[in-house]
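Coordinates in review
Listed below, chain by chain, are the residues.
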Amino acid sequence: MNKTLRPLRPDVRRASRRTTVRMLRSCAALPLLAVLASACGSNGTDHITLNWYNFPDDSGALASAASNCTKASGGRYSITYHKLPRTADGQRQQLVRRLAARDSTVDIMGLDVTWPAEFAEAKWILPWTGTNLRRATEDTLKVPLQTATWKGRLYAVPYNTNTQLLWYRDDLVPKPPRTWAEMLGMARELARQGKPHYVEIQGAQYEGLTVWFNTLVESAGGSVLNARATAPSLGPPAVRAAAIMRDLATSPAADPSLSNQMEDQNRLAMESGSAAFEINYPFVYPSMKANNPTLFKNFRWAAYPRVESGRPSEPTIGGIDLAIGAYSRHRDLAYEAALCLRNRQNQTAAALKGGLPPTLRSLYSDPALVKDYPFSSEVLAALESASIRPKTPAYQNVSIAISHTLSPPSGIEPRSDVRRIGSQIEDALESKGLIP
């Protein structure tokens, strides 16, 4: 039998309401207290975490840079290094998704040198101004700065750069070739003698193939786009470049795996002893030293081969530029942290641990670097005469048009393929077709 519930007396009802209000206030305060606790250090001072998104680094240089700058901040902030996917496409996709969603946790990001124009045009990254601009540009090499500039404004600070050199075996070739024609001639002679003779270079259908083509076009005195990046330029220099690519791919110098090779496959082939030449980035030097000490004794370097004997080569640079997320809640600290991440100490470590060339000119005469980076003068010379990839927000489409048309290199038809590339670039610049 149910008992009839009697109503509470007025004084009891008031006490109950007060208790309920206190409980609700306490519950509501819990999330706020949790946030405040996470934003304070153990000594109760304000503490901010800056999120740095960058390529995955196996050398430990990036993690060390984050740790160094966290300590240098004096407890005002810490830097958390988030590893992006290994492929450039995967890195760009993750960043684009976060920025399109206005993610406020993206404070600092490492951008491939082809992305600043696209990200700046989309207003996903902030320009550098005032004191930050001055500190970002002083002692910084000119060509890397060009990769981070869009419409006359700097949108990122060069963290590191990269340029290819010619690597060769001096037990097979006592004197390095100066031109592509000389190199192919040497490879043919080595093949005739039954000696290692391949020229290792990036021939797969990806960004590396675009870089190869762009370097040859620039070295022949041309460019892929006009000065305003509003139309394709190409012309005879592009036809010359395409012909050199085809000539290598159809000669004894071509590795049988050329059409599937990227930088790391080139490195492995050279380390295996099957090649005489390699066009690649400085990361191959510490790798050869560690993986094949015997062959390392004959491992040498020289300037990127010229298209013509009277014109210097203009290798297309790579690298990473550090940009500040437009939706970051800690912009001032993010600028400060980015400058710390690319300071002398951290750039030296990145060069010595991972082979990544610095962007600070003065480091190339620093004994601390030169001692274990013996090709520093050749790298500096290459960077000062270097070219950059076509600078346009539509770069991804431009690159795809080039790499798809020129793959495989052995099937290149120079004149017709260059015309096809030009037509596809026109469509890309007019935003026709699918955006990757």
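In short, a report on the structure.

How each quantity is defined
- Residues numbered from 1 in each chain as written.
- Predicted model: local features only at pLDDT ≥ 70, side-chain atom pairs only at ≥ 80, totals over all residues.
- Heavy atoms only, no water.
- Helix = DSSP H or I, 4+ residues; strand = E, 2+ residues; numbered from the N terminus.
- Buried < 20%, exposed > 50% of the residue type's maximum accessible area, 1.4 Å probe, protein only.
- Contact = heavy atoms within 4.5 Å.
- Pairing = 2+ DSSP bridges.
- Salt bridge = Lys/Arg side-chain N within 4 Å of Asp/Glu carboxyl O.
- Axes fitted to C-alpha atoms, helices over the stretch in contact; angles between N-to-C directions.
- Expected span 1.5 Å × (residues − 1).
- Arc of directions from axis to C-beta.
- Parallel < 35°, antiparallel > 145°, perpendicular 65-115°, else oblique.
- Left-handed = near helix turned anticlockwise from the far one by under 90°.
- Nonpolar A, V, L, I, M, F, W, Y, C, P; charged D, E, K, R; others polar.

**Topic: the overall build of the protein chain**
Tallying secondary structure elements over the protein chain gives 18 helices and 11 strands in all. When each of the 436 residues of the protein chain is scored for burial, the buried share is 50%. Once local pairs closer than 6 in sequence are excluded, the contacts in the protein chain between residues at least 24 apart make up 74%.

**Examining the pairing of strand S3 (residues 108-112)**
On any regular strand, side chains alternate: one points to one face of the sheet, the next to the other face. Among the five residues in S3, five count as buried, and that is most of the element. Residues Ile-108, Gly-110 and Asp-112 of S3 are buried on one face, and the alternating residues Met-109 and Leu-111, pointing to the opposite face, are buried as well. Of the pairings in the sheet, the one linking strand S1 (residues 48-54) to S3 comprises two bridges and is parallel in character. Its bridge partner being in S3, Trp-52 is matched across the sheet by Ile-108.

**Regarding unusual backbone geometry**
Phi is mostly negative for residues that are not glycine, and the peptide bonds are mostly trans. The omega torsion across Ser-407 and Pro-408 is -5 degrees, close enough to zero to call that bond cis. Looking at the element boundaries, Pro-408 is found in the loop between helix H17 (395-405) and helix H18 (414-429).

**As for the pattern of salt bridges**
Taken as a whole and assessed by the stated rule, the structure comprises 19 salt bridges. Arg-192 serves as the salt-bridge partner of Glu-189, at 2.5 Å between the closest nitrogen and oxygen. Taken as a pair, Glu-189 and Arg-192 lie in helix H7 (residues 180-192) at a separation of three residues, close to a single helical turn. Judged by its relative accessible area of 62%, Arg-192 falls in the exposed class. For Arg-420, the salt bridge identified is with Asp-417, shortest N-O distance 2.5 Å. One end of the pair is Arg-420 and the other is Asp-417, both in helix H18 and three residues apart, which spans about a single turn. Overlapping salt bridges, with partners in common, bring together Asp-264, Arg-267 and Glu-271 in one network.

**Quick look at the sheet that holds strand S11 (residues 318-324)**
The sheet built from five strands is open, its strands ordered S2-S1-S3-S11-S6 with mixed pairing. Edge positions in the open sheet fall to strand S2 (77-83) and strand S6 (157-162), since each of these has one partner strand only. Taking the axes of each pair of neighbouring strands and ignoring which way they run, one obtains an average angle of 20 degrees across the sheet. Lying on the sheet, helix H2 (residues 61-72) is in contact with S1, S2 and S6; it crosses S2 at an angle near 165 degrees. Across the sheet, helix H13 (residues 331-341) is in contact with S1, S2, S3, S6 and S11; its angle to S11 comes to roughly 155 degrees.

**Here's the deal with the pairing of S11**
The element S11 is largely enclosed, with a buried count of seven among its seven residues. Both faces of S11 are covered, namely the face carrying Gly-318, Ile-320, Leu-322 and Ile-324 and the face carrying Gly-319, Asp-321 and Ala-323. Sheet topology note: the S3/S11 ladder contains five bridges and is antiparallel. Looking at the pairing, Asp-112 lines up with Ile-320 of S11. Pairing between S6 and S11: five bridges, direction antiparallel. Note on S11: the bridge partner recorded for Val-157 is Leu-322.

**Concerning helix H3 (residues 88-100)**
In this model, H3 (13 residues) spans 18 Å end to end at C-alpha, consistent with the 18 Å of a helix rising 1.5 Å per residue. Of all the positions in H3, only Gly-90, Gln-91, Arg-92, Leu-95 and Leu-99 are classed as buried. Just past H3, the residue Arg-102 takes up positive phi, approximately 60 degrees.

**Brief notes about H2**
Its 12 residues give H2 an end-to-end C-alpha distance of 16 Å, which sits within 8% of 16 Å, the value for a rise of 1.5 Å per residue. By the burial criterion, the buried members of H2 are Ala-61, Leu-62, Ala-65, Ala-66 and Cys-69. On an axial view of H2, the arc spanned by its buried residues comes to 140 degrees, and they lie on one face. Structurally, H2 contributes buried residues whose contacts are with S1, S2, S6, H13 and helix H14 (344-354). One or two positions beyond H2, positive phi appears at Gly-74, with a value near 70 degrees.

**Some words on the packing of helix H8 (residues 207-219) against helix H9 (residues 236-249)**
At a minimum axis distance of 8 Å, the contact between H8 and H9 shows a crossing angle of 125 degrees. Between H8 and H9, the crossing angle belongs to the class labelled oblique. The chirality of how H8 crosses H9 is right-handed. Across the interface between the two elements, Leu-209, Trp-212, Phe-213, Leu-216 and Val-217 of H8 pack against Pro-237, Ala-238, Ala-241, Ala-242, Ile-244, Met-245 and Leu-248 of H9. Residues belonging to the contact of H8 with H9 are distributed by class as follows: 12 nonpolar, no polar and no charged.

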